[in-house]
Structures are given as C-alpha cells and as structure tokens.
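Residue-level structure breakdown
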Amino acid sequence: MTCTASSLQGAIKEPVASLFRTYETHPTVAYSRLFGGIQAILVTDQRYCRNQKTLFAKMRFTICAAKPEDCKDIERMIMELAVYEKMPDQVKISHKELERDGFGPNPYYQCLVAEVPEELMSKDGHTKVGYALFFYTYSTWKGRTVYMEDLYVMPEYRSKGIGKALMATVAKVAKEQHCVRLQFSVLDWNKPSLDFYLAKGAEDLTAKEGWHFLRFHGIALDNLAQEAP
C-alpha cells in the first residue's frame, strides 16, 4: 500500500482545505487530525504486510494422487532430491520409466504430489513443489506394510506444512489399506529430516534394534541370480 493523496484524504476523513482553515486558528488540532490520518494508513499498511506473511506462513497447497502427466515434474524433483543427497549420478530413470511403472496395468508404486496455486509458483515456474513415492511390501511378523521411497519438498516451500501433509497422507492411505507399518530410510547425516521424523513419532530401528539396510545391484545381482537352480 502506498500513501497517496487519495488514501490520505480517505484516512483523515476531513477535507484538506478544512484542515488548513483549522490550522490558522487551532494548529495543534490540525496536526492531531493530520497525523491521526497518517497513522491510520500506517496501521492499514502493517495489516497488509501481516496478511501477506500469513499467506506464505499458511501456504495454500493441495495434495493429490499423481497423474501420468506429472511424471516430468516427479523426475525433476527426484533429481533435486538426489542432488541434495549428494548422489545425482545414481539417478538412471526418466519420466518414461516413471509413467510405465506407476501407471500401467500393474503399477509398481504410488505417488502423491503437492501443488501450489499459480500465484505461488516457484521462481522457475513450477507449481508441483513436492512429492511422496511409496509402495506396498509385507512383514512376516506384522503383515501389510507401506515403504516410502521418497519424501521431498522444494527448498523454498519447506517449513510450510507440505512435507508433513505428504507424509500424513501416505499414512492415511496405509491405514485405509489396513497396513500396520510405514517404513523408510534416512541418510545418517541428514539430521533435519531425521529430527523431523523422530519428532513425529518414528522409531530409529538402526539405533533401537541394530538393523542394517542391505542391497544387491548391478553385477552382484546378476551373479546372485545366476546361482538360482
């Protein structure tokens, strides 16, 4: 908001000419009325700024199931997450594989995307600003389980409740499918994420039970498969 002649006139609620006449006989009264109007403008201006801050503090966004046309954005954010995790060279898939594997007759995963309105789009013009990718697995001890492979929110949209909303929606889907666990892994140096999950009630199984997360891939997977009878 800018202090203009019209806004000043509206805030003072008295014709400027009348103020000059008042000043000739009662200057103190004229000053009081003038600065009262300016103060009203400043108060309105402060309210406007507070409203703008509230808009971003209570970020408007939606969480919904990903669609095939979202795969390019998901691919982009997968790479952003890999860069954050210092392993961008490990990403070998594209939006084509994502579309094939997530939206075919037998999808291998499910995905949620977080989207903001166009007026809140990123500096690069993106409205899809976060995602959670997950799939179903099974525990021989407990039964149905959801594994969350990725949870990511673009840096400029963090601390706005988007990550919490994505994870809570994954948990809601898990409960609707009668799953009893939501599991995922976190890099040991990623303390902000680890602290976030622990604060929400997650258990650190490495610290509590001593589990190690192992993997066969590449030549090791090929060699192991060749040993099958």
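All values derive from a computational prediction rather than experimental measurement. (Residues numbered from 1 in each chain as written. Predicted model: local features only at pLDDT ≥ 70, side-chain atom pairs only at ≥ 80, totals over all residues. Heavy atoms only, no water.)

**Side note on the pairing of strand β3 (residues 128-139)**
Rules: At least two DSSP bridges between two strands are needed for those strands to be called paired. Elements are defined by DSSP. Helices are runs of H or I of four residues or more, strands are runs of E of two residues or more, and each kind is numbered from the N terminus.
Strand direction decides the pairing type here: strand β2 (residues 110-115) and β3, joined by 6 bridges, are antiparallel. Within the sheet, the bridge partner assigned to Val 113 lies in β3 and is Tyr 131. Across 10 bridges, β3 lies against strand β4 (residues 143-153) in antiparallel orientation. For Thr 137, the partnering residue across the bridge sits in β4 and is Thr 145. Between the end of β3 and the start of β4, which pair antiparallel, lie 3 residues.

**A word on the side chain of Lys 128**
Which entries qualify depends on this criterion: Each residue gets one of three labels from its accessible area relative to the maximum for its type: buried under 20%, exposed over 50%, partly exposed in between, using a 1.4 Å probe on protein chains only. What qualifies as a polar contact is a pair of N or O atoms within 3.5 Å, subject to a donor-acceptor requirement within protein and to the restriction that residues adjacent in sequence count only when both atoms come from side chains. It only takes one pair of heavy atoms within 4.5 Å for two residues to be counted as in contact.
With respect to the element layout, Lys 128 can be found in strand β3. Taking relative accessible area as the criterion, Lys 128 reaches 11% and is therefore assigned buried. Engagement of the side chain of Lys 128 in a polar contact is seen with the side chain of Asp 70, the distance being 2.5 Å. Non-local contacts of Lys 128, meaning those with residues more than four positions away in its chain, are made with Asp 70, Asp 73, Arg 76, Met 77, Val 113, Ala 114, Glu 115 and Met 154.

**Considerations on the pairing of β2**
In regular strands, side chains alternate between the two faces of the sheet. One ladder, built from 4 bridges, connects strand β1 (residues 62-65) with β2; its direction is antiparallel. Note that in β2 the partner of Thr 62 across the bridge is Glu 115.

**Some thoughts on the nonpolar core**
Just so we agree on the cut-off: The term nonpolar core refers to a set of buried residues drawn from Ala, Val, Leu, Ile, Met, Phe, Trp, Tyr and Cys, joined through side-chain atoms within 4.5 Å.
One finds Ile 74, Tyr 131, Tyr 157, Ile 162 and Leu 166 to be the most contacted residues of the largest nonpolar core, which totals 35 residues. Breaking this core down by element, the ones donating at least two residues are α4 (71-84), β2, β3, β4 and α6 (162-176). Per-element accounting of this core gives the leading share, 6 residues, to α6.

**Side note on the pattern of salt bridges**
Cut-off, in case you're wondering: When a carboxyl oxygen of Asp or Glu is within 4 Å of a side-chain nitrogen of Lys or Arg, the pair counts as a salt bridge.
According to the stated counting rule, one finds 9 salt bridges in the structure shown. Linking Glu 80 and Arg 76 is a salt bridge whose minimum nitrogen-to-oxygen distance equals 3.1 Å. With Glu 80 and Arg 76 both in helix α4 and 4 residues apart, the pair spans about one turn of that helix. Of the charged contacts, one joins Asp 101 and Arg 100 as a salt bridge, the two residues approaching to 2.8 Å between their closest N and O atoms. By relative accessible area, Asp 101 is classed as partly exposed at 23%.

**Describing the sheet that holds β3**
Quick reminder of the rule: To get an axis, fit a line to the C-alpha atoms, keeping to the stretch in contact for a helix; angles then go from 0 to 180 degrees between the N-to-C directions.
With mixed pairing, the 5 strands of this open sheet are ordered in space as β1-β2-β3-β4-β5. Looking at the sheet topology across the chains shown, the edges are occupied by β1 and β5 (181-183). Strand-to-strand twist in this sheet, taken as the mean axis angle between neighbours without regard to direction, amounts to 25°. Sheet strands in contact with α6 are β1, β2, β3, β4 and β5, and its direction is about 160° off that of β4.

**Examining unusual backbone geometry**
Positive phi, normally seen in glycine, also occurs at Lys 86, with a value near 65°. Position of Lys 86 relative to the elements: it lies in the loop between α4 and α5 (95-102). Given a relative accessible area of 62%, Lys 86 falls into the exposed group. At His 178, a position not held by glycine, the phi torsion is positive, near 60°.

**Comments concerning the environment of Met 87**
Along the polypeptide, Met 87 turns up in the loop between α4 and α5. Look at Met 87 and you get partly exposed, because its relative accessible area is 36%.

**As for the confidence of the model for the chain**
What counts is decided by this rule: The quantity called pLDDT is the predictor's confidence in a given residue, expressed from 0 to 100.
Of the residues in the chain, 75% reach a pLDDT of 70 or more, and the chain-wide mean stands at 83. With pLDDT under 50 throughout, residues 1-14 is counted as low confidence; its partners more than four residues away or in other chains account for 22 contacts. Contacts for the low-pLDDT stretch residues 34-57, under 50 throughout, to residues beyond four places or in other chains number 17 contacts.

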